[in-house]
Amino acid sequence: MNYQEQALSGATGVELIVALYDGWIRFLYRAAASCEADDVIERRYAVKRALDILMYLEARLRPDIGGEPARALSDFYAAMFTMTLEASHSGSAEEMQKVIACVRNVKEAWVVVAKDPAANRALPRELRTAAERRGAPVIVPQQAASGTSAGWSA
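What counts, and at which threshold
- Residues numbered from 1 in each chain as written.
- Predicted model: local features only at pLDDT ≥ 70, side-chain atom pairs only at ≥ 80, totals over all residues.
- Heavy atoms only, no water.
- Helix = DSSP H or I, 4+ residues; strand = E, 2+ residues; numbered from the N terminus.
- Expected span 1.5 Å × (residues − 1).
- Buried < 20%, exposed > 50% of the residue type's maximum accessible area, 1.4 Å probe, protein only.
- Arc of directions from axis to C-beta.
- Core = buried A, V, L, I, M, F, W, Y, C linked by side-chain atoms within 4.5 Å.
- Contact = heavy atoms within 4.5 Å.
- Salt bridge = Lys/Arg side-chain N within 4 Å of Asp/Glu carboxyl O.
- Phe/Tyr/Trp six-rings, centres within 6.5 Å; stacked < 30°, edge-to-face > 60°.
- Lys NZ or Arg CZ within 6 Å of the ring centre and 35° of its normal.

**Q** Can you break down helix α5 (residues 93-114) residue by residue, with the values?
**A** An ideal rise of 1.5 Å per residue puts 32 Å on 22 residues; α5 measures up with 30 Å between its terminal C-alpha atoms. Of the residues making up α5, those classed as buried are Ala93, Met96, Val99, Ile100, Val103, Val106, Lys107, Trp110, Val113 and Ala114. Seen from one end, α5 has its buried residues packed into an arc of 145 degrees, which puts them on one side. When the buried face of α5 is taken as reference, the exposed residues oriented beyond 90 degrees from it are Glu94 and Asn105.

**Q** Please provide a residue-by-residue account of the environment of Lys48, values included.
**A** As for its position among the elements, Lys48 is in helix α3 (residues 40-59). For Lys48, a relative accessible area of 47% puts it in the partly exposed group. Residues Lys48 and Phe27, spaced 21 residues apart in sequence, show a C-alpha to C-alpha distance of 8.7 Å.

**Q** Break down the nonpolar core for me, with residues and values.
**A** Counting 33 residues, the largest nonpolar core has Tyr21, Trp24, Phe76, Tyr77, Val103 and Trp110 as the members making the most contacts within it. Elements with a minimum of two residues in this core: α2 (13-37), α3, α4 (63-90) and α5. The element that contributes the greatest number of residues to this core is α2, accounting for 11 residues. Setting aside residues up to four positions removed in sequence, Trp110 forms contacts with Val14, Ile17, Val18, Tyr21 and Leu73.

**Q** Pulling in residues and values, what's your account of the pattern of salt bridges?
**A** Following the criterion strictly, the structure yields 7 salt bridges and no others. A salt bridge links Lys107 to Glu108; the nearest nitrogen and oxygen atoms lie 3.8 Å apart. Each of Asp22, Lys107 and Glu108 takes part in salt bridges that share partners, so that together they form one network.

**Q** Hey, could you go over unusual backbone geometry for me, with residue numbers and the actual values?
**A** The backbone of Asp38 shows a phi angle near 55 degrees, a positive value even though the residue is not glycine. Counting through the fold element by element, Asp38 comes out in the loop between α2 and α3. Overall, Asp38 belongs to the exposed group, its relative accessible area being 60%.

**Q** Talk me through the packing of aromatic side chains; I want residue IDs and the actual numbers.
**A** Enumeration over the complete set of coordinates arrives at 6 aromatic pairs. Measuring from ring centre to ring centre gives 5.3 Å for Tyr21 and Trp24, while their planes differ by 55 degrees; the resulting arrangement is tilted. Of the two residues, Tyr21 and Trp24 both sit in helix α2, 3 residues apart, roughly one turn of that helix. Overall, the relative accessible area of 0% leaves Tyr21 in the buried class. Residue classification places Trp24 among the buried residues on the basis of a relative accessible area of 0%. Here the aromatic cluster, defined as three or more aromatic residues joined through ring pairs, consists of Tyr21, Trp24, Phe76, Tyr77 and Trp110. Over the aromatic face of Phe27 sits the side chain of Arg26, whose NZ or CZ is 5.4 Å from the ring centroid.

By themselves these figures say nothing about function.
Here you go:
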C-alpha cells in the first residue's frame, strides 16, 4: 500500500470528496502548465483527467437527497466543464487559472464541511466509506470535537 492509499484508507466520505477535488485541481494545474509550454498532447491528457474527475463527482450527485445544494453543485460542475473545455480549446493558461480559482473556492468549502462530524452522517450511503456504512466510529479531528469548528450549511 503506497502513501496515498494509506492516507485515504481511513478517510471519511467528505474527506474523499476533498481528495477528488485535490486531484481535479492538480490536473488543472498540469493543463495550465501545458498551455504555457504549448504542449498540446500533455494539455489534452491533463484536461481529460480533470474532466474525468469532474464527471465522477457529477455522477455521484443525488438531487433527490441533496436538494438545492446538489442542484447548485450540478450547475457549478456544468460551468466548470464548459470553462475547462474553452480554456483548453484556446490554449489559455489564464483561462485555466480562472477554472482553478473557482474549483479551489468550492474545495475550501468542502474542507470546512469535512471538519463537521454531522456532515459525514448526512452523506448518502453510497458516498460513505465502508466503515461509515457499518456504523463504525469515525475519528473526529480535535478541533471539531471541541466544538470550535465553523458550522456548515449547504
